[in-house]
Amino acid sequence: MKRRDVEILAPAGSLDSLYSSLRMGADAVYVGLPRFGARAFADNPDVEQLREALYDAHLRGKKIYLTTNTLLRDDELPALCDMIAPLYEAGLDACIVQDIGVLSLLHKNFPDMDLHASTQMTLFSGEEAELYRAFGVTRYVPARELSIEEIREARRQTDMEIEVFVHGALCYSYSGQCLMSEVIGGRSGNRGMCAQPCRLPFTCRYGRGHFLSTKDICTLPYIPELVDAGIDSFKIEGRMKSREYSAFLAYLYRFYVDFYLEEGREAFAALVGNEDSRFWKDYKRCLELYNRGGFSNSFLFEKKKEEMMEIRRNGHAGLLVGTVREVGKGLVSFDTLEELQYQDVLEFRNEDGTREYEYTVKNPAQKGERVCAKFKRGCHLYCGQPVYRMKNTALLTEIRKRIAEAEDKLPLSATWMAEQGKPIAFSVTGQGVTVTIHGAVLQKAQKQPLTNADVRRRLDAMGNEKYVWETLTIQQAPDSFVPLGEIKRLRREGIAAWERAAVPTRKAGKIMLEPDRIKTPPVKQYAAVIGVSDERQLRLALETDAENCLIHLRLGDGNDWRPDSLGKLLNGREAAISLPRILRGAGYRKWMKKWNEQEKDWQQIAVSAVFINSHRSLLFAREYYPQAAYYADDNMYQENEWAKAAYERMGLRACIPQTYGRLAVMVTAGCVKATVGRCDGRQETVEMKNPKLDTFAVVCHCDTCYNTIYTKEPVRLQNNGSTLRLEFTWESEDEMRKVMGEWNLL
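Computed from a predicted structure; not experimentally measured. (Residues numbered from 1 in each chain as written. Predicted model: local features only at pLDDT ≥ 70, side-chain atom pairs only at ≥ 80, totals over all residues. Heavy atoms only, no water.)

(A) Spotlight on the overall build of the chain. A tally of regular secondary structure across the chain gives 22 helices and 37 strands. Dimensions of the chain along its principal axes, counting C-alpha atoms only, are 110 × 80 × 45 Å. Scored against the burial criterion, the 746 residues of the chain give a buried share of 56%. Only carbon and sulfur atoms are counted for the fraction: they give 48% of the accessible area of the chain, which is about 32300 Å². (Helix = DSSP H or I, 4+ residues; strand = E, 2+ residues; numbered from the N terminus. Buried < 20%, exposed > 50% of the residue type's maximum accessible area, 1.4 Å probe, protein only. Areas by Shrake-Rupley, 256 points an atom, 1.4 Å probe, with all protein chains shown as cover.)

(B) Molecular detail of the sheet that holds strand β15 (residues 345-349). Strand order in the open sheet formed by six strands is β16-β15-β18-β13-β14-β17, and the pairing between neighbours is antiparallel. Strands at the two margins of the open sheet, each flanked by one partner only, are β16 (355-360) and β17 (370-374). Within the sheet, the average angular offset between the axes of one strand and its neighbour, ignoring direction, is 35°. Here strand β14 (residues 331-336) pairs with β17 via five bridges, running antiparallel. In the strand pairing of β17, serine 333 is matched with cysteine 372. (Pairing = 2+ DSSP bridges. Axes fitted to C-alpha atoms, helices over the stretch in contact; angles between N-to-C directions.)

(C) Quick look at helix α18 (residues 585-602). Of all the bends in α18, the greatest measures close to 45° and is centred on asparagine 596. By the burial criterion, the buried members of α18 are Gly585, Gly587, Trp591, Met592, Trp595 and Trp602. Against α6 (148-157), α17 (563-570) and α19 (615-624) lie the buried residues of α18. (Bend = angle between axes of the 7 residues up to and from the residue. Contact = heavy atoms within 4.5 Å.)

(D) Local environment of the pattern of salt bridges. Taken as a whole and assessed by the stated rule, the structure comprises 67 salt bridges. A salt bridge links arginine 243 to aspartate 16, with the shortest nitrogen-to-oxygen separation between them at 3.7 Å. With arginine 243 in helix α9 (residues 243-263) and aspartate 16 in helix α1 (residues 15-24), this residue pair connects regions lying 227 residues apart in the sequence. With a relative accessible area of 23%, arginine 243 lands in the partly exposed category. Close ionic contact of glutamate 76 with arginine 191 constitutes a salt bridge, the shortest N to O distance being 2.8 Å. Taken as a pair, glutamate 76 in the loop between β3 (63-68) and α3 (77-89) and arginine 191 in the loop between α7 (180-185) and β8 (202-204) lie far apart in primary sequence, 115 residues in all. When its relative accessible area of 6% is taken as the criterion, glutamate 76 is described as buried. Several salt bridges converge on common partners, so that one network encompasses Glu7, Arg139, Glu161, Glu163 and Lys235. (Salt bridge = Lys/Arg side-chain N within 4 Å of Asp/Glu carboxyl O.)

(E) Broad picture of the sheet that holds strand β21 (residues 433-441). Judged by pairing direction, the sheet is mixed, and its four strands sit side by side in the order β21-β20-β19-β23 without closing on themselves. At either end of the open sheet lies a strand with only one pairing partner, and these are β21 and β23 (467-476). Within this sheet the neighbouring strands show an average axis-to-axis angle of 15°, counted without direction. As paired elements, strand β20 (residues 423-430) and β21 share seven bridges and run antiparallel to each other. Bridge pairing links alanine 425 to histidine 438 in β21. Sheet contacts for helix α14 (residues 452-460): β19 (410-418), β20 and β23; angle to β23, the most-contacted strand, approximately 155°.

(F) Inspection of the environment of leucine 396 at higher detail. Within the fold, leucine 396 resides in helix α13 (residues 393-405). Between the C-alpha atoms of leucine 396 and leucine 289, which are 107 residues apart in sequence, the distance is 8.4 Å. Not counting residues up to four positions away in its chain, the partners in contact with leucine 396 are Glu244, Leu289 and Lys391.

(G) View of the pairing of strand β35 (residues 706-711). Most of β35 is tucked away: six of the six residues are buried. With six bridges joining them, strand β34 (residues 695-701) and β35 adopt antiparallel strand pairing. Looking at the pairing, histidine 701 lines up with tyrosine 706 of β35. Hairpin connection, β34 to β35: the antiparallel pair is bridged by four residues, and cysteine 705 has positive phi, about 55°.

(H) Spotlight on a negative patch on the surface. A cluster of acidic residues, Glu713, Glu733, Asp734 and Glu735, forms a negative patch at the surface. Position of aspartate 734 relative to the elements: it lies in helix α22 (residues 733-742). (Patch = residues over 30% accessible without salt bridge, like charges linked within 9 Å, V, L, I, M, F, W, Y side chains within 5 Å. Lys, Arg positive; Asp, Glu negative; His and termini not counted. Charge placed at Lys NZ, Arg CZ, Asp CG, Glu CD.)

(I) A look at the side chain of glutamate 310. Position of glutamate 310 among the secondary structure elements: in the loop between α12 (298-301) and β13 (319-327). A relative accessible area of 9% places glutamate 310 in the buried class. A polar side-chain atom of glutamate 310 sits 3.0 Å from the main-chain amide nitrogen of arginine 312. Excluding anything up to four places from it in sequence, glutamate 310 contacts His210, Ser213, Lys215, Arg292 and Gly293. (Polar contact = N/O pair within 3.5 Å; in protein donor to acceptor, adjacent residues only side chain to side chain.)

(J) Looking closely at the nonpolar core. In this structure, Ile84, Tyr132, Ile223, Phe234, Tyr253, Leu553 and Tyr625 are the most contacted members of the largest nonpolar core, which totals 169 residues. Apart from residues no more than four positions distant in its own chain, phenylalanine 234 is found in contact with Val6, Glu7, Ile8, Leu9, Val164, Val166, Ile223, Leu226, Val227, Tyr253 and Val257. (Core = buried A, V, L, I, M, F, W, Y, C linked by side-chain atoms within 4.5 Å.)

(K) Main features of the environment of tyrosine 637. Mapping tyrosine 637 onto the fold places it in the loop between β29 (629-632) and α20 (641-649). Classification of tyrosine 637 as buried rests on a relative accessible area of 14%. Residues tyrosine 637 and alanine 229, 408 residues apart in the sequence, show an inter-C-alpha distance of 31 Å. Non-local contacts of tyrosine 637, meaning those with residues more than four positions away in its chain, are made with Leu71, Gln98, Ile100, Gly176, Gln177, Leu179, Asn190, Ala643 and Tyr647. Here glycine 176 takes part through its backbone oxygen, which lies 2.6 Å from a polar atom of the side chain of tyrosine 637.

(L) Molecular detail of the side chain of glutamine 537. Within the secondary structure, glutamine 537 is located in helix α16 (residues 535-541). On the accessibility criterion, glutamine 537 (0% relative accessible area) is buried. Reaching out from glutamine 537, the side chain makes a polar contact with the backbone nitrogen of serine 533 at a distance of 2.8 Å. In contact with glutamine 537, not counting residues within four places along its chain, are Val532, Phe728, Thr729, Trp730, Glu731 and Met736.

(M) Seen up close, the packing of α18 against α19. Where α18 meets α19, the axes come as close as 14 Å, and the angle between the chain directions of the two elements is 20°. Taken together, α18 and α19 sit at an angle that is classed as roughly parallel. α19 is crossed by α18, and the crossing has right-handed handedness. Residues Tyr588, Trp591, Met592, Trp595, Asn596 and Glu599 of α18 touch α19, and the partners they reach there are Arg616, Phe620 and Tyr624. When the residues that make up the contact of α18 with α19 are grouped by side-chain class, the tally is six nonpolar, one polar and two charged. (Parallel < 35°, antiparallel > 145°, perpendicular 65-115°, else oblique. Left-handed = near helix turned anticlockwise from the far one by under 90°. Nonpolar A, V, L, I, M, F, W, Y, C, P; charged D, E, K, R; others polar.)

(N) Expanded view of the packing of α9 against helix α11 (residues 278-289). At their nearest, the axes of α9 and α11 sit 11 Å apart, and the two run at 155° to each other. By the angle between their directions, the pair α9 and α11 is classed as roughly antiparallel. Helix-helix and strand crossings are classified by hand; for α9 and α11 the assignment is left-handed. The residues of α11 that touch α9, namely those facing Glu244, Tyr245, Phe248, Leu249, Tyr251, Leu252, Phe255 and Tyr256, are Arg278, Phe279, Asp282, Arg285, Cys286 and Leu289.

(O) The arrangement of the state of the cysteines in detail. Evaluation of the coordinates by the stated rule reveals zero disulfides. Just so you know, cysteine 178 is unpaired, no disulfide at all, and the nearest cysteine sulfur is the one on cysteine 194, 5.9 Å from it. Exposure remark for cysteine 178: the relative accessible area of 22% places this residue in the partly exposed category. In this model cysteine 383 remains outside any disulfide bridge; the closest cysteine sulfur is found in cysteine 372, 13 Å from its own. (Disulfide = S-S within 2.5 Å.)

In structure tokens form, the structure reads like this:
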């Protein structure tokens, strides 16, 4: 495997981060503009700045991907196209996209640009990713909750490029499946404005803690497994982090990936196995740049979900550098576990993770040295108390020096060929591109001939240009004469010709803003859809008018529907079904095994519609219910007409919006019960409150091992369509009767 077989993809929350990361080892960066990216509050560049960055990156053989990974309204699509058109013409390498409508729009208008399916599309397999090949998708970012075994399986299912998060922060919810920020404060994560409510402390019957706050991930020790799994791009999270963070992590991942590719698994294992090796020093540097309660090995390698959580505190945790030994009147002493430098910031921390005292180091100290420091009156310091370094000034200084010293000039090779009586040929080579231009016919010198050294000296006179000759070959006939101006002209025009060849441009055509629509066959229109969670609710729902109400059966997730009993209850009445939202890995295989055992019984039920709430459920419906009508569920977002048209081409009808029901604000691979060590495999509901007393109900779906977090109270929304949709979760019969009575269904 060669170096370029594995791409290091770094975050760029600013122009400074962009240039620094590319100089320090990143093969590509992902960056947003002021609009339409999932990090609206980053210091994003403007279009002209990004055009210049594209030109610089392409000269160096690097790539830039634009994040357009939010949901867009119809009125925003013209501005999106206007924004991307000049970047497309400048050679923008790809757009990262969540909205299927945006996918369709960009593929139609910018067909020569790669499109990457964002992790916010919640794709679990290569089979699901293949659904989007027709939309121009060449790469996908699978859900960050997948295990390394699932990544290997996905690699066998598709030849699309696979991009995987290997370092940085981790959302608690499946990306794209979180509405909590929007519900609490109106700041939608799907619109780039997440307020990170998952980092807040919550209160439940298990106590108080940051039950939804995950540790950051670091997979440096697992580089051989990641490479051998066939991952094409190692993605570092962090567009809201500093340029030092982005650049140094790009450098480290590039270095250790190359080390493994060049030296092999045995040498890499020896490096990781040596506690005193450079590897573990670099690992500590990663911790000091940013970590939340230490690192987890990510869902890729972590077997215990509780090990991925940091429930005591939120924010940077620093590095343990000492333990308090003595506490006197206004003085504290501690033994150092690491070397301390001037301007380091240290924190004395309580057992619950809270900060008790913080101060800035004035006098350096060696590892193992006992340090004495003053502390403020009123602070409770005690023997055995841990001391953490929150800012490593020496590390930041070192990184900034590395960035400043990183090679900024681009190496090129050139050949000067000059034969008597023939035009001079000057060739320039770089990034696998060679151009040759010709000058005047070489003349014989009348007086002082021009030597090879003279030509070299003049070609070397680059001034402040951004290039340097890596090799410069001079082949010139003796006793020759070339005017100085001709040498300078050939150097200048040769480099310019190489730039034009090395950075090809494209031409954007006329922008098409109206989507292509297809005619869908008519289906029966219902006055209402009634979603039920168990047979008790089904019996009551069946009291409604059979001609006007469609019963929606939500399968799986502990409901334990028995198809033989269902068949008797429905008695030939048509029904709609939906599958568990999360069907992947072992949970999917377990669910499918149960389904296959009961398939004959299920096929006796008149399923006229399937609510598609995941890409896996679409594949399932196509296989088992090819004649049913497919409706996009509310988490298969259709914020614009392009999205509706795209789903139509996939066989999905427009979503029937929910009129009544509890909102699912998160769907999570993490489990609150597992986090607090109470996993017993029994499905139940846990109530939680945040500091503002917003209350949520966490439903643990133990059959397929995921949680759904609902608003505690049901929400009544305006019915803008012709069909009511009432979704019942755990309502009693009286509550159901009251709700259905409100809409005259009983």
